[in-house]
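Structural overview for review
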Amino acid sequence: MFSYNLDHLRELEAESIFVLREVAAQFEHPVLLFSGGKDSIVASYLARKAFYPAPIPFTFLHVDTGHNFPETIRFRDEWVKELGAELIVRYVQDSIDKGRVSEESGIHASRNALQTTTLVDAIEELKVDAAIGGARRDEEKSRAKERFFSHRDEFGQWEPRNQRPELWSLFNGHHRKGEHFRIFPLSNWTEIDIWQYIKKENIRVPEIYFSHERDVFVREGNIYAFSDFVQLGKDEHVSRKVIRFRTIGDMTCTGAVESVATNLEDIIREVATSRYTERGSRIDDQRSETSLEDRKRAGYF
Amino acid sequence: MMHSSDIDILRFTTCGSVDDGKSTLIGRMLFDTKSIMEDQLQAVKSASARRGMSGLDLSLITDGLKAEREQGITIDVAYRYFSTNNRKFIISDAPGHIQYTRNMVTGASSSNLALILVDARKGVVEQTCRHAFIASLLRIPHLVLCINKMDLVDYNQDIYQSIVDDFRNFSSRLEVQDVQYIPISALNGDNVVHRSENMPWYQGTTLMYHLEHVHISSDLNQIDCRFPVQYVIRPRSEKFPDYRGYAGRISGGVFRAGDPVMVLPSGFTSRIKSIGLAEKELEEAFAPMSVTMTLEDDIDISRGDMIVRENNVPQSGQDIELMICWFNKRALQSDSRYLLQHTTHEVRCQVKEVRYKMDITTLRRIQQDPALGMNDIGRIRIRTTQPLYYDSYRRNRYTGSVIFIDEQTQETVGAGMII
Ligand SMILES: Nc1nc2c(ncn2[C@@H]2O[C@H](COP(=O)(O)OP(=O)(O)O)[C@@H](O)[C@H]2O)c(=O)[nH]1
């Protein structure tokens, strides 16, 4: 008998689309957290497929640290327009001006952690009951325990011990007023799955994922883009290198890798043979062994 | 690590008692398939050193959240990923504690295969029986019993054989179709990814070979056509003024454009006009694909309805018998009321009778104690406010499963499998 079998990308796609449709069916004010990085691009691409030919039933929300790669913001605006989505931006700067958070100082200053407050405030302001994110379980050990539907209390906090069991494909989105869910449709994707899918579907991504020359500096063995937002240490200096980014986040804490990968095939080959994880060069995760977990508990992405 | 994009996915769950070597085994699989990155390895090395170890403690690779690091145990289901040239693997790593039946059930619900560990020195213990019972209850199609720590019993064949015999004896009372027995040493790597030279008497495959080759394409029901409608797509746009698409994930069978279909509960019939995803039209679609379907006729269809073939309809009714795993501190009792989620359909139900509770170590039925507490498994009868359209869980895991939701706390309190 002929056997019906899906390859891994189609199975992952089917699962993610199921999750996205469940969100549209179960929640009143869902948003899609859009950063302009490859994972949120894939999440929004899948959302388009899930509801075609109707528009995506989620507003896009970007929490802007103000320290972005200009290429990402340009890409974000084009992409949102292409998809016909509505974009809401909330600025960390506004949270600072309102005195909700205070800017870090010193050479390690980053606005990455401050995003949490801006995000949780936006969720409250916009009465969001489901915030879809592109996080994957393979990224980091505390993410490995995330559910597809991850419950947050009224303070936006995550309690890893008190999560709802998720069985079969039955997702329970019931919640009390003020509580919300973080939804992770890409939970089961790995970095290489994402790139293989981008290639298979011919999805556009910001050019800084590909090899290019840039002014950089080296800190604790990692390469960072030089920009107005960083302050160099005594022994640090700017040099020019051929690099690319494996993840896109805040400019001050997203590390680059030296790479000559100029197209998707090169990237897939590079990721497949890489001996380092993509988060290995993010300062924000290196602060302590449990730093992502601590931030997640507080309401981070 | 793999490059190929033409591979399939095997989902498996790992279970064992504390200290049987589950974390070490997962660490070993990841390490020997070169799935551990340099920066993760460094972190494990420094954590091993802090614990006063000279070498690499592979069990620390799968070490999860802070709370469990403090206690030194896994407390919740964690997922791990790796791939080889043949397959992508998703491991749901369920902890071994008795009180965490819930986690194993969760991990088992989406698995193709369960990997059960026993310590060769201890043999088949109570926990082994619990795990095997849950695997069979959740109908995981494939089971692997890993007899671990063979290095501590001199790689002795008789010890292996007597454990195999014990397990066979127990599992003959369960419904498991496919069981493999593999003697391993997770610590040294024997028969995990690489063939052991210490056990020439073992003729079978390594664990990894088995995981890479076990036949899973018939794990899903490809016979009974079931399409629970998840969402109705109505653009009402200039370009698509009258479009009505039914979005969902196929739970069973194969649907083709042109097929005559029936919609439940209304009973209206029509034909499939198109089936596909976004701009891409398909000739046929099968489980577990997510698709959008349009029909020839305009019928009123909403979320929770089910599209099936006229000549093969699911069972229907309001009185349902189920096996249930209970996850909540507040016991399930006769007369309790809950919300019930079944496919994309939600109804209320009342528990009419708790028929028995299962002693999952002895497989005895306990009839005199009619409440099901946290982590209990039993058989119940419920009545729903509206009819459900369902298959027995044995026939279809997706149209035969339900979750119970407490209306007050909104929590998921139980998982049911329709008999
Ligand atoms: N000798 C030997 N020790 C093992 C083996 N597998 C695991 N261990 C040890 O058994 C202990 C418990 O292992 P661990 O993986 O933490 O068990 P878990 O609680 O099931 O995750 C550790 O000290 C391991 O080093 C094995 O195959 N042989």
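Each value, and the rule that gives it
Residues numbered from 1 in each chain as written. Chains lettered and ligands numbered in written order. Predicted model: local features only at pLDDT ≥ 70, side-chain atom pairs only at ≥ 80, totals over all residues. Heavy atoms only, no water. 1 Å grid on protein atoms, 1.4 Å probe; cavity = no way out; pocket = protein on both sides within 12 Å on 5 of 7 lines; lining within 4 Å. Points joined across faces, edges and corners; volume = space filled by probe spheres on them. Helix = DSSP H or I, 4+ residues; strand = E, 2+ residues; numbered from the N terminus. Nonpolar A, V, L, I, M, F, W, Y, C, P; charged D, E, K, R; others polar. Domains from an automatic or database assignment. Buried area = accessible area lost by both parts, 1.4 Å probe. Salt bridge = Lys/Arg side-chain N within 4 Å of Asp/Glu carboxyl O. Axes fitted to C-alpha atoms, helices over the stretch in contact; angles between N-to-C directions. Parallel < 35°, antiparallel > 145°, perpendicular 65-115°, else oblique. Left-handed = near helix turned anticlockwise from the far one by under 90°. Contact = heavy atoms within 4.5 Å. Pairing = 2+ DSSP bridges. Core = buried A, V, L, I, M, F, W, Y, C linked by side-chain atoms within 4.5 Å. Buried < 20%, exposed > 50% of the residue type's maximum accessible area, 1.4 Å probe, protein only. Near = heavy atom within 4 Å. Polar contact = N/O pair within 3.5 Å; in protein donor to acceptor, adjacent residues only side chain to side chain. Areas by Shrake-Rupley, 256 points an atom, 1.4 Å probe, with all protein chains shown as cover.

What follows is about empty space enclosed by the protein. All told, the structure shown has four cavities of 30 Å³ or more when counted by the stated rule. By volume, the largest cavity amounts to about 830 Å³. Lining the largest cavity are 46 residues, and of these A:E11, B:R11, B:S110, B:R249 and B:Y398 sit closest to its centre. Elements supplying a minimum of two residues to the lining of the largest cavity: helix 1 (8–26) of chain A together with strand 1 (8–15), strand 3 (87–93) and helix 4 (101–109) of chain B. Broken down by class, the residue content of the lining of the largest cavity amounts to 21 nonpolar, 16 polar and nine charged.

Residues and elements named next belong to chain B. Per the domain assignment, the segments making up chain B are domain 1 (4–213), domain 2 (226–308) and domain 3 (315–418). Computed from C-alpha coordinates alone, the two centres of domain 2 and domain 3 are separated by 30 Å. Counting the surface lost from both domain 2 and domain 3, the interface buries some 810 Å², and carbon and sulfur atoms represent 59% of this. At the junction of domain 2 and domain 3, the tally comes to one salt bridge.

Packed helices, taken two at a time, are described by their axes: the angle between them and the distance between them. All names here are of chain A. Helix 7 (residues 264–273) packs onto helix 6 (residues 191–201) with a crossing angle of 165° between their chain directions and a minimal axis gap of 10 Å. The angle between the axes of helix 6 and helix 7 places the two elements in the roughly antiparallel class. Our pair here, helix 6 against helix 7, has a crossing hand that is left-handed. Here E191, I192, W195, Q196, I198 and K199 of helix 6 lie close against helix 7, whose contacting residues are L264, E265, I267, I268, V271 and A272.

A few words now on the sheet that holds strand 1 of chain B. Residue and element names in this part refer to chain B. With respect to topology, six strands assemble into an open sheet ordered 2-3-1-4-5-6, the strand pairing being mixed. Each end of this open sheet is capped by a strand with a single partner; those strands are strand 2 (78–83) and strand 6 (178–183). When strand polarity is set aside, the average angle formed by the axes of neighbouring strands in this sheet is 25°. Pairing geometry for strand 2 and strand 3, over six bridges, is antiparallel. Residue pairing for strand 3: S83 is matched across the bridge by K88.

With that settled, the discussion passes to the pairing of strand 17 (residues 315–326) of chain B. All names here are of chain B. Sheet topology note: the strand 17/strand 21 (residues 377–390) ladder contains 10 bridges and is antiparallel. Along strand 21, the bridge assignment pairs D319 with R383. One ladder, built from five bridges, connects strand 17 with strand 23 (residues 412–418); its direction is antiparallel. Paired with W326 across the bridge in strand 23 is G414.

What follows covers the nonpolar core. Core analysis: the biggest nonpolar cluster contains 81 residues, and B:F12, B:L25, B:M29, B:L138 and B:I147 have the highest contact counts within it. Ignoring sequence-local partners within four residues, the contact set of B:F12 consists of B:M29, B:F82, B:F89, B:I90, B:I91, B:S92, B:S111, B:L113, B:L115 and B:L211. A:V19, A:I41, A:I203 and A:V271 belong to the second-largest nonpolar core, a separate cluster that totals 71 residues.

On the chain A side, the residues contacting the 86 residues of chain B number 71 residues. Both faces considered, chain B and chain A share a buried interface measuring about 7100 Å² in area, 56% of it formed by carbon and sulfur atoms. Counting every contact that joins chain B to chain A gives five salt bridges. Note that A:E22 is salt-bridged to B:R303, the shortest N-O span being 2.7 Å. Looking at side-chain class alone, the side of chain B that touches chain A contains 38 nonpolar, 25 polar and 23 charged residues.

The next thing to look at is the environment of A:L6. By the secondary structure assignment, A:L6 is in the segment before helix 1. Residue class for A:L6 comes out buried when judged on its relative accessible area of 5%. Among residues more than four places away in sequence, those in contact with A:L6 are A:E11, B:D8, B:F286, B:P288 and B:M289.

With that out of the way, let us pick up the site of the ligand. Residue and element names in this part refer to chain B. Near the ligand there are 16 residues, and of these D19, K22, S23, T24 and D151 occur at the shortest range. Within the side chain of S23, a nitrogen or oxygen atom sits 2.5 Å from an oxygen atom of the ligand. In the model, a nitrogen atom of the ligand is placed 2.7 Å from a nitrogen or oxygen of the D151 side chain. Alone, the ligand offers 580 Å² of accessible surface; in the complex the protein occludes 77% of this. Sort the elements by how many residues they give to the shell around the ligand and helix 1 (residues 22–32) lands first, with three residues. Taken together, the residues of the shell around the ligand sort by class into four nonpolar, seven polar and five charged.

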